[in-house]
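# Overview (structure and organization)
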Amino acid sequence: MSGAFALLLVATALAFISRISLKQQRGYLNNMQKDPQFNMQEEEKLTKAIKLVDELTLSLKGRHLSEPEIDVIKGGWYGQSYGEMARKSSYAEKYLQHTVAPDLWELLSEIVGNGGRVWKKNLREFLEKLVQQGTRKILVRLLGEPPVVPYFYGREAELDVLKAEIVQKRLVHVFGEPGIGKSALITKLLGTEISQGFDLLFWKSVAHSPSVEDLVVSLHKMLNPQDSYLSPDNTKISSFLAQLRSRSCLLILDGLAADYKQRREYIRFFVSLLEELDGIRLIITSRESFTELNALCNSRPVSSIQIEGLDVRAAINIFREKGLKVEEESTQIVELIRFYRGNPLELESLANRINYLFCGDINKFWEYKTTFISDYLQNVLNEIFAQPDVLSSFQREILIYIANKLSEKTDSINGELLTLNREQGLSVVGDLSPHQNFPPVGGGFKPKGGERKRTDELLPVAHSLFPLPKGVKLFELLNYFVKELGASVSNLITALEDLERRQLIKVLKSKSEVFYTLAPGVRKYVLIDPLKLVNQEHEK
């Protein structure tokens, strides 16, 4: 009897604890029904919590909370079930519970969890702390619209370097060939803890090459959207700088493309910002390497970083994202990624075409040897070659010569490995079985125009379906342009350096020789000259 009574006591205690827990979850709803003043206070507190979460989501993820996410937050705040949430919203219970909620808990754990895990049951606890803290990080504002990045793979080392550089330096210049993923990398950077060190985050596209005055007016308008049209005068510029003087901000200028005169104006503007605003950091992205910025690296807190292609393991995910069936690091897929130099945009465009033209069957695609050019790269090249003042006729001749020579040098080097490293050069280093496993290839970056932080790895070319030419030796170019055509050595070297700076040619170095090569899309564009813009002889 005593044993039965003990069991009854335990059962009663458990039931009481359960009721207390349920009461804790429902208590706020009951109090709201009894006390209108409590109702108003709860609504104000919830509204503030949602506003803070929305601001954090915008600053860290570049987007606002969605309507169903807000519905789940409201329901979680009041301890509602997903069924109750669904009845008070326009969304189905299963959608809120199984689609919206899991991603929302991940998001909230990242931005308000402080190392803890946020769920529906403890949501209110974390949000109340958020409202009470009123911490500085809530003041972070993202002004402008970073590009949407639907997927992002690899680049862990690049992100680590960028985080360190933006702390140690005042201006970081990130450059690389078209489609290599510069903007995506910086967007990803904004989603890390690095953004919490700033009150303001500016994202401004400057691909249309605005004047410095127009740029400042645009930034002022972003900071003061209530202002009417601002004329680009010194008063407005001074007003904008005054607003930033007491704040810490990160200014991102994406896609800078400017001629020599404009570059000088921009450099002066950048230097003035660094001198007048102690709390500002700048990130500049561009296709080209700007010698003017490189020159500042020795005298100012400035860093220049070249972004290069993805490694194989990261690049494979692009094909999988597009629904193609690929074997992990197979010889074919590595060769394909190697041929396109790990360029994310070119690989994405290639995957789309394999899907469309070959029904997603990579094996069918292997039967035909062709190079695809993405629409983006073609538009970039159209723009470059359509401007007669961008490239000289001499530089065009160099590109045509290298493209033709590369087409003559497409014999594969069967059974061997090539290293493609700008410092260590291009060399045969060993044998490779066709079925041998190999490490990831490609990837890397070059800070300050110097040595890589990570060396390139071995690139398999056994049974190459897309043979990559070694390149054209510098001595071949000297013999042809200097000895045969009578050009000066200095003019040739200057032209080659400018083409490299514009990301139109690549330089490969060995211990004894220097090679010049072209990215596959650039090579094909130069050879076929689709709009008759490359060879100026057509115009004559």
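As the structure is a prediction and not an experimental result, all values here were calculated from the model.

What follows concerns helix H3 (residues 67-77). Burial within H3 is extensive, with 8 of its 11 residues counted as buried. For H3, the full list of buried residues reads Pro68, Glu69, Asp71, Val72, Ile73, Gly75, Gly76 and Trp77. One or two residues past the end of H3 sits Gly79, with phi positive at roughly 70 degrees.

So, about the layout of surface pockets. In this structure, the largest pocket encloses a volume near 1,200 Å³. The wall of the largest pocket is formed by 47 residues, among which Gly179, Lys182, Ser183, Arg287 and Tyr376 lie closest to the centre. Elements represented by at least two residues in the lining of the largest pocket include exactly helix H8 (182-190), helix H11 (260-276), strand E5 (280-286), helix H15 (344-358), helix H17 (375-386) and helix H20 (489-501). Counting residues per element, the lining of the largest pocket draws most heavily on H17, which supplies 5 residues. Tallied by class, the residues present in the lining of the largest pocket amount to 24 nonpolar, 10 polar and 13 charged.

Turning to the nonpolar core, a few remarks are in order. By size, the foremost hydrophobic cluster in this structure holds 36 residues, and its most contacted members are Phe202, Phe270 and Leu282. In contact with Phe202, not counting residues within four places along its chain, are Leu143, Leu219, Met222, Leu223, Phe240, Leu244, Cys249, Leu250, Leu251 and Ile252.

For the rest of this paragraph, the subject is the pairing of strand E2 (residues 171-175). With 5 of 5 residues buried, E2 lies mostly within the body of the structure. For E2 and E5, the ladder comprises 5 bridges, and the chain directions are parallel. Bridge pairing in E5 links Phe175 to Ser286.

Attention now moves to the sheet that holds strand E11 (residues 472-473). Read from one edge of the open sheet, 3 strands run E11-E13-E12, paired in antiparallel fashion. Unpaired on one side and paired on the other, E11 and strand E12 (506-509) mark the two borders of the sheet. Of the pairings in the sheet, the one linking E12 to strand E13 (residues 514-517) comprises 4 bridges and is antiparallel in character. Looking at the pairing, Lys509 lines up with Val514 of E13.

What follows concerns the pattern of salt bridges. If you walk through the whole model with that rule in mind, you get 19 salt bridges. Linking Glu288 and Arg501 is a salt bridge whose minimum nitrogen-to-oxygen distance equals 2.8 Å. Of this pair, Glu288 sits in the loop between E5 and helix H12 (291-296) while Arg501 sits in helix H20, and the two are 213 residues apart along the sequence. Note on accessibility: Glu288 and Arg501 belong to one class, buried. For Arg502, the salt bridge identified is with Glu288, shortest N-O distance 3.1 Å. Of this pair, Arg502 sits in the loop between H20 and E12 while Glu288 sits in the loop between E5 and H12; the two residues are 214 residues apart in sequence, bridging distant segments of the chain. Of the two residues, Arg502 and Glu288, both sit in the buried class. One salt-bridge network, in which partners are shared between bridges, spans Glu42, Lys45, Arg124 and Glu128.

Calculation notes
All residue numbers here refer to positions counted from 1 along the written sequence of the relevant chain. Totals for whole chains, interfaces and linings use all residues, but because this is a predicted model, local features are given only for residues with pLDDT of at least 70 and pairs of side-chain atoms are given and counted only at 80 or more. Side-chain numbers come from the whole structure's heavy atoms, not from hydrogens or water. Between buried and exposed lies partly exposed: a residue is buried under 20% and exposed over 50% of the maximum accessible area for its type, with that area taken using a 1.4 Å probe on protein chains only. Helix numbering and strand numbering both begin at the N terminus, where a helix is a DSSP run of H or I of at least 4 residues and a strand a DSSP run of E of at least 2. Points on a 1 Å grid over protein atoms alone make up a cavity when a 1.4 Å probe fits among them but cannot get out, and a pocket when they form an open set with protein on both sides within 12 Å along at least five of seven lines; lining residues each have an atom within 4 Å of a point. Grid points are joined across faces, edges and corners, and a volume is the space filled by probe spheres set on the points. Gly counts as polar in this scheme, as do all residues outside two lists: the nonpolar Ala, Val, Leu, Ile, Met, Phe, Trp, Tyr, Cys and Pro, and the charged Asp, Glu, Lys and Arg. Think of a nonpolar core as a cluster: buried Ala, Val, Leu, Ile, Met, Phe, Trp, Tyr and Cys residues, connected wherever their side-chain atoms sit within 4.5 Å. Residue contacts follow a heavy-atom distance rule, with two residues in contact if any of their heavy atoms lie within 4.5 Å. When DSSP finds two or more bridges between a pair of strands, those strands are recorded as paired. Salt bridges, as used here, are contacts in which a Lys or Arg side-chain nitrogen is within 4 Å of a carboxyl oxygen on Asp or Glu.

Geometry only, nothing functional implied.
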